[in-house]
Amino acid sequence: QLVESGGGLVQVGDSLRLSCAASGRTFSRYHVGWFRQAPGKEREFVGAVSYSGVDTYYPDSVKGRFTISRDNAKNTVYLEMNSLRPEDTAVYSCAAGAAPWAVITHTRDTDFDYWGQGTQVTVSS
């Protein structure tokens with residue numbers, strides 16, 4: 001089970017850190033991705049971290065502003081978002097996948113096995 005937290009209402013330019021807490025002993029074996037979905041839009045990949053935390057991958061739309069990290073001792077993955085923009089407004093969800101890292105970086109949501117319920121992030125101008 002994955003549970004996201006940390007969402008909320010922020011101003012343009014603010015920062016926010018989301019958390020994705022997992023239950024179970026095997027969390028450290030899964031790569032974790034973050035996705036977002038705005039109303040009326042398709043789900044969008046915003047980054048992933050490998051099971052060890054050594055590798056990360058970001059799309060150009062968030063590269064340099066978003067950072068993903070994980071603490072396997074706490075079964076938690078973090079999404080640090082800086083310089084937030086109105087277009088970052090969406091429901092953010094984390095997902096865990098056991099596929100090889102090379103597959104995970106294809107950023108397809110179908111390659112992830114477990115999903116959280118999402119947390120709302122609203123960036124106000």
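Look above for the structure.
Now for a description of the structure that goes with this document. (Residues numbered from 1 in each chain as written. Predicted model: local features only at pLDDT ≥ 70, side-chain atom pairs only at ≥ 80, totals over all residues. Heavy atoms only, no water.)

**Some remarks on the pairing of strand S11 (residues 119–124)**
Here S11 shows a buried face lined by Thr119, Val121 and Val123 and an unburied face lined by Gln120, Thr122 and Ser124. Across four bridges, strand S2 (residues 8–11) lies against S11 in parallel orientation. Looking at S11, one finds that leucine 9 is bridged to threonine 122. In the sheet, strand S9 (residues 90–97) pairs with S11 via three bridges, with the strands oriented antiparallel. Considered in S11, the bridge of tyrosine 92 is made with threonine 119. (Buried < 20%, exposed > 50% of the residue type's maximum accessible area, 1.4 Å probe, protein only. Helix = DSSP H or I, 4+ residues; strand = E, 2+ residues; numbered from the N terminus. Pairing = 2+ DSSP bridges.)

**Notes on the packing of aromatic side chains**
Within the structure shown, the criterion is met by six aromatic pairs. Considering the side-chain rings of phenylalanine 35 and phenylalanine 45, the 5.5 Å spacing of their centres and the 70° angle between planes classify their relative orientation as edge-to-face. Linking phenylalanine 35 in strand S4 (residues 31–37) with phenylalanine 45 in strand S5 (residues 44–49), this pair joins segments that are 10 residues apart in sequence. Consider the rings of phenylalanine 35 and phenylalanine 112, whose centres lie 5.2 Å apart with planes at 85°: the pair is edge-to-face. One end of the pair, phenylalanine 35, is in strand S4; the other, phenylalanine 112, is in the loop between helix H1 (101–104) and strand S10 (114–115), and 77 residues separate them in sequence. (Phe/Tyr/Trp six-rings, centres within 6.5 Å; stacked < 30°, edge-to-face > 60°.)

**Thoughts on the state of the cysteines**
Counted by the stated rule, this structure contains one disulfide. Between cysteine 20 and cysteine 94 runs a disulfide, and the two sulfur atoms are separated by 2.1 Å. With the S-S dihedral at roughly 70°, the linkage between cysteine 20 and cysteine 94 falls on the right-handed side. In this pair, cysteine 20 is assigned in strand S3 (residues 16–22) and cysteine 94 in strand S9, connecting sequence segments 74 residues apart. For the pair cysteine 20 and cysteine 94, one class covers both residues: buried. (Disulfide = S-S within 2.5 Å.)

**Quick word on unusual backbone geometry**
In this model, asparagine 75 sits at a positive phi of 55°, which is unusual for a non-glycine residue. Its location among the elements puts asparagine 75 in the loop between strand S7 (66–71) and strand S8 (76–81). What makes asparagine 75 buried here is its relative accessible area of 18%. Phi at threonine 107 is positive, roughly 65°, even though this residue is not glycine. Mapping threonine 107 onto the fold places it in the loop between H1 and S10. On the accessibility criterion, threonine 107 (27% relative accessible area) is partly exposed.

**A closer look at the environment of aspartate 111**
Tracing the chain through its elements places aspartate 111 in the loop between H1 and S10. Taking the relative accessible area as the measure of exposure, aspartate 111 reaches 15% and is therefore buried. Each C-alpha atom, one on aspartate 111 and one on alanine 98, is 8.1 Å from the other, the two residues being 13 residues apart in sequence. If we skip the residues at most four places from it in the chain, aspartate 111 touches Gly97, Ala99, Val103 and Ile104. (Contact = heavy atoms within 4.5 Å.)

**What to know about the nonpolar core**
Grouped together as the largest cluster of nonpolar side chains are 27 residues, with contacts concentrated most on Leu18, Trp34, Phe66, Val77, Leu79, Met81 and Tyr92. Listed by contribution, the elements that provide at least two residues to this core are S3, S4, S5, S7, S8, S9 and S11. For methionine 81, the contacting residues outside a window of four places in its chain are Asp14, Ser15, Leu16, Leu18, Arg65, Phe66, Tyr92 and Val121. Counting residues in hydrophobic clusters, the runner-up holds eight residues, among them Phe45, Ala99, Trp101 and Ile104. (Core = buried A, V, L, I, M, F, W, Y, C linked by side-chain atoms within 4.5 Å.)

Don't take any of this as a statement about function, it's just geometry.
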